Amino acid sequence: MSGMVGASGRVLFYDSGIGGLSVLGAVRRRCPGLCFSYLFDHEGFPYGELTEREVVDRCVRNLTSMVSRDRFALVVVACNTASTVALPELRRCLDLPVVGVVPAVKPAARLSRLRRIGLLATHGTISRGYTQELISRFASGCEVISVGSARLVELAEAKLRGTVPDPGEISAEISPFLSPDGSPRVDVLVLGCTHFPFLAPEIGTILPGVRLLDSGDAIGRRVAGLLPQDAGCSEVAAGDRAHYVGEMPEQARSQYSGIFSGLGFVSCERFVP
Ligand code: DGL
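Worth saying up front: this structure is predicted, and the values here are computed from it rather than measured.

Parameters and conventions
- Residues numbered from 1 in each chain as written.
- Predicted model: local features only at pLDDT ≥ 70, side-chain atom pairs only at ≥ 80, totals over all residues.
- Heavy atoms only, no water.
- 1 Å grid on protein atoms, 1.4 Å probe; cavity = no way out; pocket = protein on both sides within 12 Å on 5 of 7 lines; lining within 4 Å.
- Points joined across faces, edges and corners; volume = space filled by probe spheres on them.
- Nonpolar A, V, L, I, M, F, W, Y, C, P; charged D, E, K, R; others polar.
- Pairing = 2+ DSSP bridges.
- Helix = DSSP H or I, 4+ residues; strand = E, 2+ residues; numbered from the N terminus.
- Axes fitted to C-alpha atoms, helices over the stretch in contact; angles between N-to-C directions.
- Salt bridge = Lys/Arg side-chain N within 4 Å of Asp/Glu carboxyl O.
- Buried < 20%, exposed > 50% of the residue type's maximum accessible area, 1.4 Å probe, protein only.

A. Spatial organisation of empty space enclosed by the protein. Overall, the coordinates contain two cavities of 30 Å³ or more when judged by the stated rule. Within this model, the largest cavity holds a volume of roughly 100 Å³. Lining the largest cavity are 17 residues; nearest its centre among them are Ser16, Thr81, Thr122, Val153 and Cys193. For the lining of the largest cavity, the residue count by class is six nonpolar, nine polar and two charged. Of the pockets and cavities examined, the second largest cavity occupies roughly 40 Å³. Split by residue class, the lining of the second largest cavity holds four nonpolar, five polar and one charged.

B. Fine view of the sheet that holds strand 5 (residues 116-121). Taken in spatial order, the four strands of this open sheet run 6-5-7-8, and their pairing is parallel. Unpaired on one side and paired on the other, strand 6 (143-148) and strand 8 (211-213) mark the two borders of the sheet. Averaged over neighbouring strand pairs, the angle between their axes works out to 20 degrees when direction is ignored. Pairing of strand 7 (residues 188-191) with strand 8, which is carried by three bridges, proceeds in the parallel orientation. Paired with Leu189 across the strands is Leu212, a residue of strand 8.

C. Focus on the pattern of salt bridges. Per the counting criterion, the structure on display carries 14 salt bridges. For Lys159, the salt bridge goes to Glu202, with nearest N and O atoms at 3.0 Å. A residue pair is termed long-range when its members are at least 10 positions apart, and Lys159 in helix 7 (residues 151-160) and Glu202 in helix 9 (residues 200-206) qualify at 43 residues. Since its relative accessible area comes to 27%, Lys159 is described here as partly exposed. A cluster of three or more residues bridged by salt bridges with shared partners is formed by Asp41, Glu43, Arg58 and Arg61.

Okay, structure coming up:
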């Protein structure tokens, strides 16, 4: 389904963890009247280490269940790993617009003067046919250095939950973007995982002068374009709500609740699909 959508101003965001909040922030800046639900698959995290079938099945199960329970104007799959594999099936199963997030390879290729760009994403995203196609369609004139990392996803999620990341660990993960003399080999780096903008300050220190690009603003524009200009939340039970799939120890629950309430969400509850 595409085109303009109906009046309900609630948008559902989906990710394996809370990396999708980097996209939600960009959408909120563009559409301040909307309200949001944020569903994250804690049980399936990290998606980058699952098989394609597992990712698709989890996305379809969790999202069809959530969408049959509450009313949404549209769904944002705020996860590159899921979007690069699950969008066709999600669009078949869900009777509302589904916006995906894929690595910003096209603008990166346009911006690079060195004609050498980096792509930092999960192992899953790097290996997908979708991503290879994106590179050959839009960055064929560039050398693309691709690096997959599960560790950076964990470090970003942990940072949001209060653990300061070790810069040495981040350096080790992104060392393929550095020359032996320590200077950056690329001038543009695509942050192809929605968790990574949360590590942008650390990555920027290790790769000085490199332009870091994520897809957040593009998704903000896309969502704003799909919703009526005056879209807002008219529900009685308005307010942003977070939901997670899977069990969580008390300490993790209270960390996640604290993050969401700091962002103005009214609840953070377990969702059983
Ligand atoms: N934030 C996700 C992405 O954009 C998923 C990371 C993961 O769970 O591996 O790829």
